[in-house]
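Tertiary structure, described
Letter by letter, the chains look like this.
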Amino acid sequence: MFDWNDLRHLIAVSRHGSTLAAAKALGVNQSTVHRRLPELENRIGLTLVKRYPSGYGLSELGEAVIDYVLAVEAAVDALERQLQALKHDLKGVIRLTCPEPTVSRIAATGLLDRFYERYPGLTVEFVTSDRYLDLGKGEADVAFRSGEPVDEQLVGRKICDSVWAIYASRTYVQEHGRPMSIGDLANHAMIGFDGIMQNHRVAKWLRVAVPSARIVNRNTSMLGTLSAVKAGIGVAALPTTLGDAEEKLVQLLPPVEELTRSWYLLTHPDLRKTPRIAAFVDHVLDDIPALRTALIG
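Structural notes, computed from the coordinates. The structure presented is a predicted model; accordingly, all values stated were derived computationally and were not measured.

Basis of the calculations
- Residues numbered from 1 in each chain as written.
- Predicted model: local features only at pLDDT ≥ 70, side-chain atom pairs only at ≥ 80, totals over all residues.
- Heavy atoms only, no water.
- Pairing = 2+ DSSP bridges.
- Helix = DSSP H or I, 4+ residues; strand = E, 2+ residues; numbered from the N terminus.
- Axes fitted to C-alpha atoms, helices over the stretch in contact; angles between N-to-C directions.
- Contact = heavy atoms within 4.5 Å.
- 1 Å grid on protein atoms, 1.4 Å probe; cavity = no way out; pocket = protein on both sides within 12 Å on 5 of 7 lines; lining within 4 Å.
- Points joined across faces, edges and corners; volume = space filled by probe spheres on them.
- Nonpolar A, V, L, I, M, F, W, Y, C, P; charged D, E, K, R; others polar.

What the three strands build is an open sheet, ordered S10-S7-S11; its pairing is antiparallel. The open sheet has two edge strands, strand S10 (236–239) and strand S11 (249–251), and neither has a second partner. Each neighbouring strand pair of the sheet contributes to a mean axis angle of 50°, computed without reference to strand direction. One ladder, built from three bridges, connects strand S7 (residues 164–169) with S11; its direction is antiparallel. Each residue of the ladder has a partner; that of Tyr167, found in S11, is Gln251. Running over the sheet, helix H9 (residues 222–230) touches S7, S10 and S11 and is turned about 120° from S10.

Moving on, we come to the layout of surface pockets. Its boundaries defined by the atoms lining it, the largest pocket holds a volume of some 630 Å³. Along the wall of the largest pocket there are 31 residues; nearest its centre are Asp130, Tyr132, Ser146, His200 and Arg201. Going through the elements one at a time, strand S3 (92–98), helix H5 (101–108), strand S5 (142–146), helix H8 (201–209), helix H10 (240–243) and strand S12 (261–267) are the ones with two or more residues in the lining of the largest pocket. By residue number, the principal contributor to the lining of the largest pocket is S5, which donates three residues. The class makeup of the residues in the lining of the largest pocket is 15 nonpolar, nine polar and seven charged. Of the pockets and cavities examined, the second largest pocket occupies roughly 180 Å³. With four residues, helix H4 (residues 60–89) is the largest single contributor of residues to the lining of the second largest pocket.

Taken together, the five strands give an open sheet; going across it, the order is S4-S3-S5-S12-S6, and neighbouring strands pair in mixed fashion. What marks the edges here is a single partner per strand, and that holds for strand S4 (122–128) and strand S6 (155–162). In this sheet, adjacent strand axes meet at a mean angle of 20° when their direction is disregarded. Looking at chain direction, S5 and S12 are connected through five bridges and run antiparallel. The partner of Ala143 across the bridge, within S12, is Leu266. In the packing of helix H12 (residues 275–286) onto the sheet, the strands contacted are S3, S4, S5, S6 and S12, and the crossing angle to S3 comes to about 50°.

Okay, structure coming up:
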């Protein structure tokens, strides 16, 4: 209906009593004030300013609305102060936890480069782990996590699905053949898990699906498992994002439905309200395609 800058011209005239003084206060030419005031009056259909012998002043209609106009000015000033405060808060480190294999993939998409261009005062620090870090206890600020959230206090959004399949190296297949079913895995050397990975869903699935599995190697990380498979030591379930990206590997069987989980972007609700975390989360949600590329290819 009207431009806020036109209201500024009206306020300046009401305070200074002339278009010349108003122009000086606003840092514009007097002709600008003479042009903007009639534009405002034409837009709202009211005469707000009159010329008196002593200069310019508000008309009766102008006097009737000036308190509301001043309230708008106060609100805009408060908004500008808040925006400046938020800009000052947009500094510091955002601690992002995710599985180690995804770090390079996230960096390759340019997602973080675009974030830094937008918020040069912020830095993303990766906290890699094959276990779920506790966001409520401050172990990290934001998580890219595969699997249903185990902490109901966390807030976030599903990004995409994490799909897993059975892989072996090409040399392993040449020497030992390939399984035709999940049951056939009992006849092959299997890569297992140890340490914090013992309770990973893949480890639990393997104990049930192939109870007589012959474990020839155990790893405490997903990257360790990937390396063992690439070396031809044995067979293992891997995320298709990792397995399909390796020329040395062969997907032996179709994706295992029981291992499919969702990727989530998660944070604590208290952190979600802070400027630096809100800026990062909103940026990621505005660039979902890049994140999906990093997580699932």
